[in-house]
Amino acid sequence: MKKEYVMGNGAIALGALAAGVGVVAGYPGTPSSEIIETIQKFNREGKVHLEWSVNEKAALEVAAGASYAGVRTLVTMKQMGLNVAADPLMSVSYVGVKGGMVVVSADDPGPISSQTEQDTRFFAEFARIPVFDPVSPKDAYEMIQEAFEYSEKYHTPVLFRPTTRVCHAYESIQVPESFEPKEYEGFIKDSKKWVIFPRLSYANHQKMELRNRELSDVFSEYKKNFYTGKGKKAIVASGISYSYTKEYLQDREDVVFVRIGTAHPFPEKLLLEALDGVEEVLVVEELSPYIENQITRIVGKHHLNINVYGKNTDNFALAGEYNTDIIAAVVDKFLGEQNENDKLDLSDMPALPMRPPVLCAGCPHRGSFYAVKKAMKGRKANFCGDIGCYTLGNAMPLDMVDTCLCMGAGVTQAQGLYWTDKETVNFAFIGDSTFFASGMTGVANAIYNDANLILCVLDNSTTAMTGHQPHPGTGKNMMGEFVEKMNIGDILQGMGVKKILHVNPLDFDASVNAIKECADMSGVKAILFESPCIALYKPTKKMTISEKCINCKKCINEIGCPAIIKVNGQVTIDESLCTGCNLCSQICPTGAMKNVELGGTN
């Protein structure tokens, strides 16, 4: 064994390797992305098949096929990705698996980097499968190994639900010196087992419900479900909220403190044992009142004279993530004790300044948005956005994202808007990685239904927002193999898009001309704005401002580059941020902006 200091996602990865995982597939999404990247780091001999799939649905289906052969498989995604994977997950929960199959769905209370605060525990109940809820990186390392064992023993996929603070916390763990995938039998053909039909689903549904009753009892004995202390008051917690509450309670024994590691199937017998003699219960959990509802149901079912407090009773906020101070304040009130923070007078403390996220200095997406904005000046236009760095095109002064729903939806929402007003020019912005993940279906829909839109593919040659993961257009996969690049222009041509233009978004005039050309045509048109993400390349140039500057601030007021700032009221270049992209010089009315090589040579 050796010691590794890793973040929670790294601990999950190492736990899966220690469990003998053989196939790993996923789609990048914060807060889950580092799981696959850590496995890549430790998969030096390539014994584990590892891939970034084109989307979460594909990832889960790859894993399902391998698990039918007896291979232990891991699928990774964030909670929004679970929606994409829902179709195969619901079916494989009925069919079952042979090799252990763990689906990591990282929830994001806050939300910090997501569209929603979706709670995966409800999805586990919906799919009728178990869910495991770790409280720390070390706990996640141990728990995911146990999740594989339960999955394999009960022939069911299981959900593993770390939240952002577990995913990104760090802890030292003991891990094996090397890892080996578990040996497997191979796929045994049996159409009565592996081919889903209504009759099979009906029979398996009954088995699932009986299995879940059994698992409720089994999980009551599971070591990650337990309680400590005695008294008339109890606190029940799960996930990172358990860690926060434990930090506050320390080892006091006058309160019953219950940890729920498996919210579904719920460990009812354990709870009843823990609540013997208890009069009041406080439930501490982020996102939805899932455990609180379960406890309320059990209390009513057994006619217990116990008051249950939590989100439903407004003891905790109905949305957002918790921290130690929030939990301490509520627990203090529940226990009838004084919180030291209540004595502090914070009325004179200044509010922290707002720092909204913006596109990076030198980001090519800024040029794409600005060119579309200028080309459409004086015309009615709708700008449908998508999920990625380019969502930040909504920030002022660009203000170029009118809608944003979910990955790929910009392409289809633009079609919906077209059918409501055919005189308005409708744009759909989508990134190169998102195009492969979920954009092609929308394009096919537009062509088939004869819609009128301009598809703007913001191709920066990477999956930028989640950490620069490769995709089918980059020519390299997660096994380290160089593969044939998929050309987006060729794909669009093959689908039937008649007008496809390629342009560098940092060439302002060329970009504007391409947009105007497409705006006067009918049907589906595509503009591929092609320029690599600035974070992938070291800048070789920077911008300077000459004496020609009239301080009109057009560069600041129109493109909003964070490298262009005001110092004592004068427009100035922040050289620590400037990448020399040259966009500002193309809009400067006096030609005051100059591009110079790093080192000072013109």
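About the criteria used
Residues numbered from 1 in each chain as written. Predicted model: local features only at pLDDT ≥ 70, side-chain atom pairs only at ≥ 80, totals over all residues. Heavy atoms only, no water. Salt bridge = Lys/Arg side-chain N within 4 Å of Asp/Glu carboxyl O. Buried < 20%, exposed > 50% of the residue type's maximum accessible area, 1.4 Å probe, protein only. Helix = DSSP H or I, 4+ residues; strand = E, 2+ residues; numbered from the N terminus. Disulfide = S-S within 2.5 Å. Pairing = 2+ DSSP bridges. Right-handed = clockwise from strand over helix to strand, strands pointing away. Phe/Tyr/Trp six-rings, centres within 6.5 Å; stacked < 30°, edge-to-face > 60°. Lys NZ or Arg CZ within 6 Å of the ring centre and 35° of its normal. Axes fitted to C-alpha atoms, helices over the stretch in contact; angles between N-to-C directions.

Caption draft 1: Highlighting the pattern of salt bridges. Here the structure, examined in full by the defined rule, presents 32 salt bridges. Two residues, Asp119 and Arg121, come together in a salt bridge whose shortest N-O distance is 2.8 Å. Note on accessibility: Asp119 and Arg121 belong to one class, buried. Glu321 is the salt-bridge partner of Arg165, the closest N and O atoms lying 2.6 Å from each other. Separated by 156 residues along the polypeptide, Arg165 in helix H8 (residues 164-168) and Glu321 in the loop between strand E13 (307-309) and helix H14 (324-335) bring together distant segments of the chain. You can call Glu321 partly exposed: its relative accessible area is 23%. Sharing partners across several salt bridges, the network here consists of Asp107, Asp119, Arg121, Asp133, Arg161 and Glu285.

Caption draft 2: Summary view of the state of the cysteines. Counting across every chain of the model gives 0 disulfides. The cysteine Cys456 is free of any disulfide, with Cys518 supplying the nearest cysteine sulfur at 8.0 Å. Residue Cys456 is classed as buried on the basis of its relative accessible area, which comes to 0%.

Caption draft 3: Structural context of the pairing of strand E14 (residues 381-384). The pairing of E14 with strand E15 (residues 425-431) spans 4 bridges and is parallel. Of the residues in E15, the one forming a bridge with Phe383 is Phe427. Taken together, E14, helix H16 (residues 409-420) and E15 constitute a β-α-β crossover, and its handedness is right-handed.

Caption draft 4: Structural view of the packing of aromatic side chains. Enumeration over the complete set of coordinates arrives at 24 aromatic pairs. Both rings, one in Phe122 and one in Tyr290, keep their centres 5.0 Å apart while their planes meet at 90°; by these two values the pair is edge-to-face. With Phe122 in helix H6 (residues 120-127) and Tyr290 in helix H13 (residues 290-301), the pair connects residues that are 168 residues apart, well separated along the chain. A relative accessible area of 1% places Tyr290 in the buried class. Taken together through their ring pairs, the aromatic side chains of Phe132, Tyr150, Tyr154, Phe219 and Tyr222 make up a single cluster. When the ring centre of Trp194 is taken as origin, the NZ or CZ atom of Lys193, which lies over that ring, is 4.8 Å away. Taking the ring centre of Tyr242 as reference, the NZ or CZ of Arg259 above it sits at 5.9 Å.

Caption draft 5: Structural view of the sheet that holds strand E12 (residues 280-284). Judged by pairing direction, the sheet is mixed, and its 5 strands sit side by side in the order E9-E11-E10-E12-E13 without closing on themselves. Each end of this open sheet is capped by a strand with a single partner; those strands are strand E9 (226-228) and E13. Taken over all neighbouring pairs, the strand axes of this sheet differ in orientation by 20° on average, direction set aside. Sheet topology note: the strand E10 (residues 233-237)/E12 ladder contains 5 bridges and is parallel. Its bridge partner lying in E12, Val236 is registered against Val283.

Function cannot be read off these values alone, since they describe shape.
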